[in-house]
Amino acid sequence: MIHTAFWLAYFLLLLVIIAAATQGFSSGPNFENILKVGIPFVVIPSFSAFYLFYFYLFPKYVKTRKIGLSFVYGILFSIGSAFVGGFFLTLIFGKIFMFEGGWSSFFAEIITMSLIGLFAGTMSVIIKGFITWYDEIQLKETLNLKNHQIELALVKSQLDPHFLFNTINNIDILLLKDAQLASEYLNKLSDILRFMLFETKTEKIALTKEIEYIEKYIALQKIRTSNDNFVNFIVKGEAANHSVSPMLFIPFIENAFKHVSNKKTENAITVSLVIEKEKIVFECENKYNENKTFQSEFNGLGNELIKKRIELMYPKKHNLAIIKENDTYKVNLTLAND
């Protein structure tokens with residue numbers, strides 16, 4: 001619509017100029033001949049320069065703020081569009097039309113057509129810039145809306161009722177066997193609930209807090225099995241001075257516990273966190289039964305929503321790979337440190 005409106009206005013202005021030059025088409029040079037000259041002289045250079053600027057100059061040079069190259073290529077495109085107009089004049093009149101008045105006339109006409117092309121190209125850059133700006137605003141609004149939806153889904157997923165009820169029941173049973181140990185687990189559960197309610201309100205938290213949460217979550221999950229080697233959690237590197245989005249890794253760990261094949265299996269779940277200067281590598285691997293039907297959600301937070309949340313939190317700064325092979329499900333998430 002913007003392009004159509006521009007060209008309609010442009011041609012209307014051209015007709016007004018021609019009408020003024022021919023005194024309302026009633027006298028002066030033949031209008032048909034003016035159109036024969038005017039289209040190659042004005043329209044073709046304008047059209048050529050407009051779309052050269054629009055599709056090539058703006059995205060490659062103007063948008064990337066290469067001002068010097070934008071200026072140079074803009075001049076070259078304008079001159080090139082003038083020669084295109086001159087070529088069509090030659091085709092129409094069967095001779096090198098612009099040379100009829102000599103070299104001075106040739107250069108004058110080339111400069112005039114170049115200026116016409118430069119004007120159209122400048123308008124093209126303005127229009128393309130406006131469209132790009134408008135598209136970016138719409139994209140940001142869409143991403144903000146998606147972000148709010150994801151955050152809402154995340155909040156709903158944080159208090160998994162099954163995990164909560166199972167943990168409370170396990171602690172209740174443990175009270176009869178070892179009251180002191182049951183008290184320790186109850187404190188861990190209290191810390192997890194406190195973390196979920198208060199520590200997840202910010203965009204980033206200390207990586208050490210995220211690790212503490214994971215450790216307590218795994219400890220509570222291990223109450224459900226007597227297998228000491230059921231799950232392994234390994235941290236390599238120094239976590240201090242690093243930060244991550246809250247509860248970034250836990251949905252993958254929850255999924256591993258939910259779909260592990262057998263709690264009596266040795267090393268059924270392996271979670272590792274490798275912290276380096278330039279990146280953080282998270283891996284979660286669990287054994288599963290291929291014959292078992294799996295749900296496609298992580299406690300209400302769908303797989304796609306998790307990916308979108310990571311994309312929002314770490315745009316172009318992450319790599320997520322999910323691999324299913326044989327009886328193993330593996331997640332590898334690499335984050336670039338800020």
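All values derive from a computational prediction rather than experimental measurement.

1. Observations concerning the overall build of the chain
The number of helices and strands found in the chain is nine helices and nine strands. Here the chain holds 338 residues, and the buried ones make up 38% of them.

2. So, the confidence of the model for the chain
Predicted confidence across the chain gives a mean pLDDT of 79, with 79% of residues reaching 70 or more. At the low end of the mean pLDDT range in the chain sits strand β6 (residues 297-298), at 41; at the high end sits strand β4 (residues 269-275), at 94. Per-residue pLDDT stays below 50 along residues 294-300; that stretch engages in 21 contacts with residues further than four places along the chain or on separate chains.

3. Brief notes about the environment of valine 62
For valine 62, the location among the structural elements is in helix α2 (residues 31-62). What makes valine 62 partly exposed here is its relative accessible area of 25%. C-alpha of valine 62 to C-alpha of glycine 129: the two residues are 67 residues apart in sequence and 9.1 Å apart in space. Setting aside its immediate chain neighbours within four residues, valine 62 contacts Leu57, Ser70 and Val125.

4. What about the nonpolar core?
In this structure, Leu207, Tyr213, Phe249, Ile253, Ile269 and Phe282 are the most contacted members of the largest nonpolar core, which totals 48 residues. Secondary structure elements with two or more residues in this core: α5 (161-177), α6 (179-199), α7 (207-221), α8 (250-259), β4, β5 (279-287), α9 (303-313) and β9 (328-336). With eight residues, the top contributor of residues to this core is α7. In contact with phenylalanine 249, not counting residues within four places along its chain, are Leu207, Glu210, Ile214, Val244, Leu273, Phe282, Leu333 and Leu335.

5. What to know about a nonpolar patch on the surface
On the surface, Phe71, Val72, Ile75, Leu76, Ile79 and Phe83 cluster together to form a nonpolar patch covering roughly 550 Å² of accessible area. With respect to the element layout, isoleucine 75 can be found in helix α3 (residues 67-93).

6. What about unusual backbone geometry?
Located in the positive-phi region is arginine 65, a residue other than glycine, with phi close to 60 degrees. Inspection of the secondary structure puts arginine 65 in the loop between α2 and α3. By relative accessible area, arginine 65 is classed as exposed at 72%. Phi at lysine 316 is positive, roughly 60 degrees, even though this residue is not glycine. By the element assignment, lysine 316 lies in the loop between α9 and β8 (318-325).

7. Observations concerning the UniProt feature "transmembrane region" (unreviewed entry) in the chain
Residues annotated in UniProt with the feature "transmembrane region" (unreviewed entry) correspond here to residues 37-58, 70-94 and 106-131. Each end of residues 106-131 is marked by a C-alpha atom, and these two atoms are 37 Å apart; helix forms 100% of the span and strand 0%.

8. Considerations on the side chain of threonine 328
Counting through the fold element by element, threonine 328 comes out in strand β9. A distance of 3.4 Å separates a polar atom in the side chain of threonine 328 from a polar atom in the side chain of aspartate 327. What threonine 328 contacts, discounting residues up to four positions off in sequence, is Glu285, Asn286, Tyr288 and Ile323.

9. Points about the environment of glycine 121
When you line up the elements, glycine 121 lands in helix α4 (residues 102-158). For glycine 121 and leucine 57, which are 64 residues apart along the polypeptide, the C-alpha to C-alpha distance reads 9.2 Å. Residues contacting glycine 121, with those up to four places away along its chain left out, are Ala49, Phe50 and Phe53.

Calculation rules
The numbers attached to residues start from 1 for each chain and follow its sequence in the written order. In keeping with the predicted nature of the model, local features appear solely for residues at pLDDT of at least 70, side-chain atom pairs appear and are counted solely at 80 or more, and the whole-chain, interface and lining totals rest on all residues. To obtain the side-chain values, all non-hydrogen atoms of the structure were included, while hydrogens and water were left out. Comment: elements are numbered from the N terminus, with helices defined as DSSP H or I runs of at least four residues and strands as E runs of at least two. The rule is simple: take the accessible area with a 1.4 Å probe, protein chains only, and divide by the maximum for that residue type; under 20% is buried, over 50% is exposed, in between is partly exposed. pLDDT gives the predictor's per-residue confidence on a scale running from 0 to 100. Two residues form a contact once any of their heavy atoms are found within 4.5 Å. Within this scheme, the nonpolar core is defined by two criteria: the residues are buried Ala, Val, Leu, Ile, Met, Phe, Trp, Tyr or Cys, and they are joined through side-chain atoms within 4.5 Å. The patches reported here contain residues having more than 30% relative accessible area and no salt bridge. Joining distances are 9 Å for like charges and 5 Å for nonpolar side chains (Val, Leu, Ile, Met, Phe, Trp, Tyr). To be clear on the numbers: accessible area is Shrake-Rupley with a 1.4 Å probe, and residue cover counts the displayed protein chains and nothing else. A side-chain nitrogen of Lys or Arg and a carboxyl oxygen of Asp or Glu constitute a salt bridge if their distance falls within 4 Å. UniProt positions are given in the numbering used here, feature names are shortened, and annotations may be inferred rather than shown by experiment. Under the rule applied, a polar contact is a pair of N or O atoms within 3.5 Å (in protein, one hydrogen donor and one hydrogen acceptor; residues adjacent in sequence only if both atoms are side-chain atoms).

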